[in-house]
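Commentary on secondary and tertiary structure
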Amino acid sequence: MRMAAAAALVALVCASWAAGAAAQKYNAIYNFGDSITDTGNLCTNGKPSQITFTQPPYGETYFGTPTCRCCDGRVIPDFLSSKFGLPFLPPSKSTSADFKKGANMAITGATAMDAPFFSSLGLSAKIWNNGPISYQLQWFQQVTSSVCGQDCKSYLANSLFVFGEFGGNDYNAMLFGNYNTDQASTYTPQIVSTIANGVEKLIAMGATDIVVPGVLPIGCFPIYLTIYGTSNSGDYDSLGCLKKFNDLSTNHNNQLKSQISSLQAKYKSARIMYADFYAGVYDMVKNPGSYGFSTAFQTCCGSGGGKYNYQNSARCGMSGASACSNPAAHLSWDGIHLTEAAYKQITDGWLNGAYCHPAILHS
């Protein structure tokens, strides 16, 4: 009897949670970030042929054609929109879109820091597209002026914001610009502070539900494993990821979590959620079969070269590259970005709290 009563109680709690989650509604979703979540901002004036992700086989899994998403199909904002009964987010640079139910400020190549920061480091040539946090906040203000005019706070208080991931391209610029990981990490406090300041600006505008993702375990990604691979086994962890690159990501995320804790204490009426991108992807690398993946390290779309199926001169979308027959069995789509299947798993983890603290869904 006691076991039956306990089971009934658990069922009741689960049912209550599910009902609360189902009832959770948002007016809109507003997303900020880089190529991980860009849904077309780089292509609002056409699809430049020199950009690889505007070419097949990008988009093949869901859309059947390239959509300027750096993926075989949908990305995280698409899954979030579907979860809350909202349309896919139009790119904020679109001149004809309706932004009442959301917009996507994310743009491929985006950084946290502004161009003068990289210029001061001698890295201007490594920043090929100018869409930092400061610009994306300006784009958002332009979007809101068309949606709610001067009285936006109540509307934005019932919207979901996803602010990032930011920082990945800042580190890419340094690492591909001959800075080592120790040198790059000295700039982490500035990068993280810029992200935290951006969150505060959103709160000042009226945002209350804000998801702030950390950066990914870049030492597990085929692009880094190919370019920076060594013959020294001590450079790799037990899974085969490059330790010093993951240490850079971990340091960034620890500092970001500390900043988020401070913001949570300062803005008690807001729900500021840390989305643990690192933990989610690293667990997929550690236990690929649990997520339906047959491989964690080989890219799906590549030229067939090397251990990781990644070749910088023949990347996905370039001549000589082709996609695997089953992208859903791969974690990595093109060596730099993940597959639709991986993004779906990550989104679920953000919604239910496995990889987001607190969870996006709440009763």
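Preceding this paragraph is the structure being described.
The sections below set out a description of the structure shown in this document. Keep in mind that what you see is a predicted model, and the values were worked out from it rather than measured. (Residues numbered from 1 in each chain as written. Predicted model: local features only at pLDDT ≥ 70, side-chain atom pairs only at ≥ 80, totals over all residues. Heavy atoms only, no water.)

The next point concerns the packing of helix α2 (residues 76-83) against helix α12 (residues 340-352). For the pair α2 and α12, the least separation of the axes is 9 Å and the interaxial angle reads 55 degrees. Considering their axes alone, α2 and α12 lie oblique with respect to each other. Crossing handedness for the pair α2 and α12: right-handed. Two secondary-structure elements touch here, α2 through Ile76, Phe79, Leu80 and Lys83 and α12 through Glu340, Tyr343, Lys344, Ile346, Thr347, Trp350 and Leu351. Here the contact of α2 with α12 is built from residues that sort into 7 nonpolar, 1 polar and 3 charged. (Axes fitted to C-alpha atoms, helices over the stretch in contact; angles between N-to-C directions. Helix = DSSP H or I, 4+ residues; strand = E, 2+ residues; numbered from the N terminus. Parallel < 35°, antiparallel > 145°, perpendicular 65-115°, else oblique. Left-handed = near helix turned anticlockwise from the far one by under 90°. Contact = heavy atoms within 4.5 Å. Nonpolar A, V, L, I, M, F, W, Y, C, P; charged D, E, K, R; others polar.)

With the rule as written, the count across this model stands at 23 aromatic pairs. Measuring from ring centre to ring centre gives 5.2 Å for Tyr30 and Phe140, while their planes differ by 70 degrees; the resulting arrangement is edge-to-face. Here the residue Tyr30 occupies a position in strand β1 (residues 29-32), and Phe140 occupies one in helix α4 (residues 133-147), the gap between them amounting to 110 residues. Relative accessible area serves as the criterion here: at 0%, Tyr30 is assigned to the buried category. Classification of Phe140 by relative accessible area gives buried; the value is 0%. Seen in terms of ring centroids, Phe117 and Tyr187 are 5.7 Å apart; in terms of plane orientation they differ by 85 degrees. Their pairing is edge-to-face. A residue pair is termed long-range when its members are at least 10 positions apart, and Phe117 in helix α3 (residues 115-120) and Tyr187 in the loop between α7 (181-185) and α8 (188-205) qualify at 70 residues. In textbook terms, an aromatic cluster arises when at least three aromatic residues are bridged by ring pairs, as seen for Tyr30, Phe32, Phe140, Phe161, Phe163 and Phe166. (Phe/Tyr/Trp six-rings, centres within 6.5 Å; stacked < 30°, edge-to-face > 60°. Buried < 20%, exposed > 50% of the residue type's maximum accessible area, 1.4 Å probe, protein only.)

The next thing to look at is the sheet that holds β1. Adjacent strands of a sheet pair through backbone hydrogen bonds, lying either parallel or antiparallel. Strand order in the open sheet formed by 6 strands is β2-β1-β3-β4-β5-β6, and the pairing between neighbours is mixed. The open sheet is flanked by β2 (102-104) and β6 (356-357), the only strands paired with a single partner. The pairing of β1 with strand β3 (residues 160-163) spans 4 bridges and is classified as parallel. If you follow Ile29 over to β3, its bridge partner there is Leu160. (Pairing = 2+ DSSP bridges.)

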